[in-house]
Amino acid sequence: MDLPQEVSADAAETAVDVRGLSVEFPTAQGPARAVTDVDLRVARGERLAIVGESGSGKSVLSLSLIGIVNGSGRIAQGEVWLDGRDLLALRPDELRRARGKDIAMVFQDPGTSLNPVLSIEAQIVAPLRRHLGLTRAEARERALALLAETGLPDPARTLAAFPHQLSGGMRQRVMIAMAVACEPTVLLADEPTTALDVTIQAQIVDLLSRLSSERGSAVVFVTHDMGLVARFADRIAVMYAGRIVESGPVLDVFADPQHPYTRGLLASIPAVDGPLPDRLTQIDGSPPALTDLPAGCAFVDRCPSALPRCADRQPLLTERRPGQVAACWATEPADAPTREAVLA
Ligand SMILES: Nc1ncnc2c1ncn2[C@@H]1O[C@H](COP(=O)(O)OP(=O)(O)OP(=O)(O)O)[C@@H](O)[C@H]1O
Ligand SMILES: [Mg+2]
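These figures come from a predicted structure and were not determined experimentally. (Residues numbered from 1 in each chain as written. Chains lettered and ligands numbered in written order. Predicted model: local features only at pLDDT ≥ 70, side-chain atom pairs only at ≥ 80, totals over all residues.)

A. Structural view of the overall build of the chain. For the chain, the helix and strand inventory stands at 11 helices and 12 strands. Expressed as a percentage of its 344 residues, the buried residues of the chain come to 44%. Within the chain, contacts between residues separated by at least 24 positions form 62% of all contacts whose residues are at least 6 apart in sequence. (Helix = DSSP H or I, 4+ residues; strand = E, 2+ residues; numbered from the N terminus. Buried ≥ 20, exposed ≤ 12 C-beta atoms within 10 Å, placed from the backbone. Contact = placed C-beta atoms within 7 Å.)

B. Representation of the sheet that holds strand S7 (residues 186-190). Taken together, the eight strands give an open sheet; going across it, the order is S6-S7-S8-S3-S9-S10-S12-S11, and neighbouring strands pair in mixed fashion. Because the sheet does not close on itself, it has two edges, and the strands there are strand S6 (103-107) and strand S11 (318-321). This sheet shows a mean twist of 20° between the axes of neighbouring strands, independent of strand direction. Pairing analysis gives four bridges linking strand S3 (residues 47-51) to strand S9 (residues 235-240), with the strands arranged parallel. Bridging from a neighbouring strand, valine 51 pairs with valine 238 of S9. Against the sheet, helix H6 (residues 168-181) touches S6 and S7, its axis set at about 165° to S6. Across the face of the sheet, helix H7 (residues 198-215) comes into contact with S3, S7 and strand S8 (218-222) while running at roughly 150° to S8. (Pairing = 2+ DSSP bridges. Axes fitted to C-alpha atoms, helices over the stretch in contact; angles between N-to-C directions.)

C. Highlighting the site of ligand 1. Ala34, Ser54, Gly55, Ser59 and Gly71 are the nearest of the 16 residues found near ligand 1. Those elements that provide at least two residues to the shell around ligand 1 are strand S2 (32-43) and helix H1 (58-64). (Near = placed C-beta within 6 Å.)

D. Molecular detail of the confidence of the model for the chain. Confidence along the chain averages 86 in pLDDT terms, with 88% of residues attaining 70 or more. A low-confidence stretch, residues 1-9 stays under pLDDT 50, and its non-local contacts, those more than four residues away or across chains, total 26 contacts. (pLDDT = per-residue confidence, 0-100.)

E. Structural context of the environment of leucine 211. If you trace the backbone, leucine 211 turns up in helix H7. Discounting chain neighbours no more than four positions away, the residues touching leucine 211 are Val180, Leu187, Ser217 and Val219.

F. How the structure looks around the packing of H6 against H7. Contact geometry for H6 and H7: axes closest at 11 Å, N-to-C directions at 5°. Considering the angle they form, H6 stands roughly parallel to H7. Facing Gly169, Ile176 and Val180 of H6, the residues of H7 in contact are Ile200, Ile204, Leu207 and Leu211. By residue class, the composition of the contact of H6 with H7 is six nonpolar, one polar and no charged. (Parallel < 35°, antiparallel > 145°, perpendicular 65-115°, else oblique. Nonpolar A, V, L, I, M, F, W, Y, C, P; charged D, E, K, R; others polar.)

G. Up close: unusual backbone geometry. The backbone of aspartate 83 shows a phi angle near 50°, a positive value even though the residue is not glycine. Considering the arrangement of structural elements, one finds aspartate 83 in the loop between strand S4 (74-82) and strand S5 (85-86). In this structure, glutamate 183 is a non-glycine residue whose phi angle is positive, near 50°. You can see glutamate 183 is positioned in the loop between H6 and S7. By C-beta crowding, glutamate 183 is classed as partly exposed, having 16 other C-beta atoms within 10 Å.

H. Representation of the sheet that holds S2. Taken in spatial order, the four strands make up an open sheet running S2-S1-S4-S5, and their pairing is antiparallel. This sheet does not close on itself; its edge strands, each paired only once, are S2 and S5. Sheet analysis places strand S1 (residues 14-25) next to S2, joined by eight bridges and oriented antiparallel. Within S2, the residue paired with leucine 21 across the bridge is valine 38.

I. View of helix H3 (residues 120-132). In this model H3 runs 18 Å from its N-terminal to its C-terminal C-alpha over 13 residues, within 8% of the 18 Å that 1.5 Å per residue would give. Looking at H3, one finds that the buried residues are Ile120, Ile124, Val125 and Leu128. Taken around the axis of H3, the buried residues stretch over an arc of 95°, which confines them to a single face. As for H3, its buried residues are in contact with helix H4 (136-149), helix H5 (155-160) and H6. Just downstream of H3 lies glycine 133, where phi reads positive at about 65°. (Expected span 1.5 Å × (residues − 1). Arc of directions from axis to C-beta.)

J. Up close: the nonpolar core. One finds Val186, Leu187, Val220 and Val238 to be the most contacted residues of the largest nonpolar core, which totals 97 residues. In terms of residue count, the dominant contributor to this core is H6 (nine residues). (Core = buried A, V, L, I, M, F, W, Y, C linked by C-beta atoms within 7 Å.)

K. Spotlight on the environment of glutamine 108. One can find glutamine 108 in the loop between S6 and H3. Exposure remark for glutamine 108: the 16 C-beta atoms within 10 Å place this residue in the partly exposed category. A sequence separation of 86 residues divides glutamine 108 from threonine 194, and the C-alpha atoms of the two residues are 6.6 Å apart.

L. Examining H7 more closely. Over its 18 residues, H7 runs 25 Å from end to end, which matches the ideal 26 Å to within 8%, given 1.5 Å per residue. Regarding H7, the residues found buried are Ile204, Val205, Leu208, Leu211 and Ser212. Down the axis of H7, the smallest arc covering the buried residues is 115°, so these residues share one side. Of the residues in H7, the exposed ones pointing more than 90 degrees away from the buried face are Thr199, Ser213 and Glu214. Check the buried side of H7 and you find it contacts S3, H6, S7, S8 and helix H8 (226-232). Positive phi shows up at glycine 216, right after H7, with a value of about 75°.

Here it is, written out as structure tokens:
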């Protein structure tokens, strides 16, 4: 029987596989549990969107997919496999080599990611030569083509420029070109288009889509924009207080969300083919402190469907239809297999 988790492909097609992952940050109040017990697989060529409120753990989870924990965080539990390799067991130098070739990242703020003293050409051509073994001329040509694909109007001029000579939107597109340049196994994009105007956004999403369909890269996309999720992603993972509370094919989750939190997020969408809101809807109340998570479901205080047991027993992800899982006592059919039962 299939495990009631994100089984979307067999092992050979899996790009990233996260198992039982928990990430904590130390605080004066004790460990803040930013990510708790997450299982997640992303297949080659798959486009996964991670959504959820601010502070729900989207960035921490997506960084951990490529073996990075920011600040004082630590991986308290779990495994991260990239392309069949245990990322957490790699030496720092091995991890560095994997980055840039197997792993690429695009963040909302490109300011800190480009080297201010090197031209764009130096920053984009060198990795292309190193990772793809191209000659300087080939790498330059490829760089120009990529910059053009991101919608930059004058690729040759951009290539010759230094970061401070470009606008924020242009730097962002340079970052995206650099990220797709080496055809990584996984491309992680954390709100990459938030600062860009709508036309450029559409071009970037198109570029990332092609990267996944033509080059087989897995693209993990963190966003607040449900319209973007609908246009871009194959699959959605909804996070709440550090856990994935629902995931599945985008159309199935949008048509019939199984977690009350997902229902809340999608509440203002009248129909799958109707107009989509630009931002997530607000749900009354706020999530619990990550230093003081309840024994049961973390959504219980805000949940319109809460049952007595929700407060003291953690609901586990159970399969609701093929590929769609949710962790909720209230919507769980009586015969849904629990993870324990399936693993036994
Ligand atoms: N560098 C850090 N130091 C301490 N705590 C952190 C750090 N980064 C994240 N956290 C903790 O982890 C939680 C999840 O953070 P994360 O950045 O993943 O949220 P997010 O879902 O990406 O939010 P947003 O939508 O605002 O980007 C935060 O609420 C915070 O408690
Ligand atoms: Mg974030």
